[in-house]
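Survey of secondary and tertiary structure
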Amino acid sequence: MDRLLTPVRSRSLLYLLPTRHFSSIKPNSFELKSRALLNLVNQFEVSKQNSSIPSLSNFDLTNEFNSLFPLPGHVGFASLETKRLLKHNLNHLENDLLEQFTPTKNIPSLPRKNQNNIEIQTYNCSSTIRSEFNSLFLNYNTSTQPLTAITILFHTKSNMSTWSIEVENERKQLAEQFTNLAHEISTYLSNKNYWVDFIDPSNGKPYYGPPTSDALFETDERFRHFGLDIVDLGCCRVIEHLQYGTNVFVGCIFTSASKIDSNIQHLLKGFVAPRSTKQD
């Protein structure tokens, strides 16, 4: 009995040893990639033959990420179309970043200088002048903090010392134009962390500031500090410009930024008249 069993055991060893040796072989990375690629090709062939499995023509190709990188691990084929799309997307991303971080993006679109009916001047206010505006701006202490006045002068078609429908309509139009421009300048300076406010032409009050009993109308004596004259005609008082006479409409913006500050200079470049003066 033992002699009969011995050959059987020898044969079993002969079969087991090669099997164990074969299972110890590990596929390399090239073989793994090849298998993955063959598996993908087989799935594609099956999808064309089996209508229940969606084919590539039914895939959602609107998602460029999936269509560009279909293989596991977000791996794709470097085709010319893929490179073109990637370059296109990178260009868009670069443009978006440039627009986001360009500092001049939010600069107001000031009227062009060839519109010679507009004059913008800046004035650094001395301590004496600043004290005269302390009751006007209750949320900003002008007595102890810097103050710059920006005057925007419009050369009007009509004589503002008279009254007519034409004068009234032109005044309303210029008041609206100044308010829109003052809004943009105020937003720009505020984003630069400066205090800023402007005088509402309709009531002489600070536009952003809290209510106050003080008011700065265009015939206020304080405008004399800013190169303007106030003329008493007996029946009324009118503002007078050295060059334009009484054909003038004036709006005023106040800010904590100095007139020599780079933001002010960049904002008003080309629009500040050469004779702009500095108050001492």
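Residues numbered from 1 in each chain as written. Predicted model: local features only at pLDDT ≥ 70, side-chain atom pairs only at ≥ 80, totals over all residues. Heavy atoms only, no water.

Another point: the overall build of the protein. When its secondary structure is counted, the protein shows 7 helices and 6 strands. Moving toward the C terminus, one meets the helices and strands of the protein in the order α-α-α-α-β-α-β-α-β-β-β-β-α. Relative to its full complement of 280 residues, the protein shows a buried share of 33%. The long-range share in the protein, meaning contacts at least 24 apart out of those at least 6 apart in sequence, stands at 63%. Carbon and sulfur atoms make up 56% of the accessible area of the protein, which totals about 18600 Å². (Helix = DSSP H or I, 4+ residues; strand = E, 2+ residues; numbered from the N terminus. Buried < 20%, exposed > 50% of the residue type's maximum accessible area, 1.4 Å probe, protein only. Contact = heavy atoms within 4.5 Å. Areas by Shrake-Rupley, 256 points an atom, 1.4 Å probe, with all protein chains shown as cover.)

This part is about helix 6 (residues 165-191). Over its 27 residues, helix 6 runs 39 Å from end to end, which matches the ideal 39 Å to within 8%, given 1.5 Å per residue. Here helix 6 has its buried residues at V167, E170, L174, A175, F178, T179, L181, A182, I185, S186, Y188 and L189. Contacts made by the buried residues of helix 6 are with strand 2 (148-155), strand 3 (196-198), strand 6 (248-255) and helix 7 (262-267). One or two residues past the end of helix 6 sits N193, with phi positive at roughly 70 degrees. (Expected span 1.5 Å × (residues − 1).)

Counting residues in each nonpolar core, the largest one holds 23 residues, and the members touching the most others are F133, F137, F223, F226 and F254. Of all the secondary structure elements, the ones that give two or more residues to this core are strand 2 and strand 6. Looking at this core element by element, the count peaks at 4 residues for strand 6. Ignoring sequence-local partners within four residues, the contact set of F226 consists of Y123, C125, F133, A149, T151 and F254. Ranked by size, the runner-up nonpolar core spans 21 residues in total, among them L181, L189, A257 and L267. (Core = buried A, V, L, I, M, F, W, Y, C linked by side-chain atoms within 4.5 Å.)

Let's shift gears to the pattern of salt bridges. Evaluation of the coordinates by the stated rule reveals 6 salt bridges. R171 serves as the salt-bridge partner of E218, at 3.0 Å between the closest nitrogen and oxygen. Within this pair, whereas E218 is found in the loop between strand 3 and strand 4 (229-232), its partner R171 is found in helix 6, the two being separated by 47 residues in sequence. The shortest N-O distance in the salt bridge between R222 and D214 comes to 3.0 Å. On the basis of relative accessibility, which here comes to 10%, the residue R222 falls in the buried class. (Salt bridge = Lys/Arg side-chain N within 4 Å of Asp/Glu carboxyl O.)

So, about the packing of aromatic side chains. Evaluated as defined, the whole model comprises 13 aromatic pairs. Considering the side-chain rings of F178 and F198, the 5.9 Å spacing of their centres and the 85 degrees angle between planes classify their relative orientation as edge-to-face. Here the residue F178 occupies a position in helix 6, and F198 occupies one in strand 3, the gap between them amounting to 20 residues. In this structure, F178 and F198 share a single accessibility class: buried. (Phe/Tyr/Trp six-rings, centres within 6.5 Å; stacked < 30°, edge-to-face > 60°.)

Turning our attention to the sheet that holds strand 2. The strands that make up a sheet are held in pairs by hydrogen bonds between backbone atoms, and each pair lies either parallel or antiparallel. Spatially, 1-2-6-3 is the arrangement adopted by the 4 strands of the open sheet, whose pairing is antiparallel. In this open sheet, the two edge strands, each paired with only one partner strand, are strand 1 (118-124) and strand 3. Neighbour-to-neighbour, the strand axes of this sheet turn through a mean angle of 20 degrees, independent of strand direction. For strand 2 and strand 6, the ladder comprises 8 bridges, and the chain directions are antiparallel. Bridging across to strand 6, L153 finds its partner in V250. Where helix 6 meets the sheet, its contacts fall on strand 1, strand 2, strand 3 and strand 6, and the angle it forms with strand 6 comes to roughly 20 degrees. (Pairing = 2+ DSSP bridges. Axes fitted to C-alpha atoms, helices over the stretch in contact; angles between N-to-C directions.)

All right, on to the environment of K172 then. Here K172 shows up in helix 6. Taking the C-alpha atoms as reference, K172 lies 9.0 Å from S202; in sequence the two are 30 residues apart.

Take the confidence of the model for the protein next. The predicted model of the protein has a mean per-residue pLDDT of 75, with 55% of residues at 70 or higher. Contacts from residues 51-64, a stretch scored under 50 in pLDDT, to residues over four places away or in other chains number 9 contacts. A low-confidence stretch, residues 98-105 stays under pLDDT 50, and its non-local contacts, those more than four residues away or across chains, total 2 contacts. (pLDDT = per-residue confidence, 0-100.)

Our next topic: the pairing of strand 1. A large share of strand 1 lies buried, amounting to 7 of its 7 residues. In this structure, strand 1 lies alongside strand 2, joined through 7 bridges in antiparallel fashion. Bridging from a neighbouring strand, Y123 pairs with A149 of strand 2.

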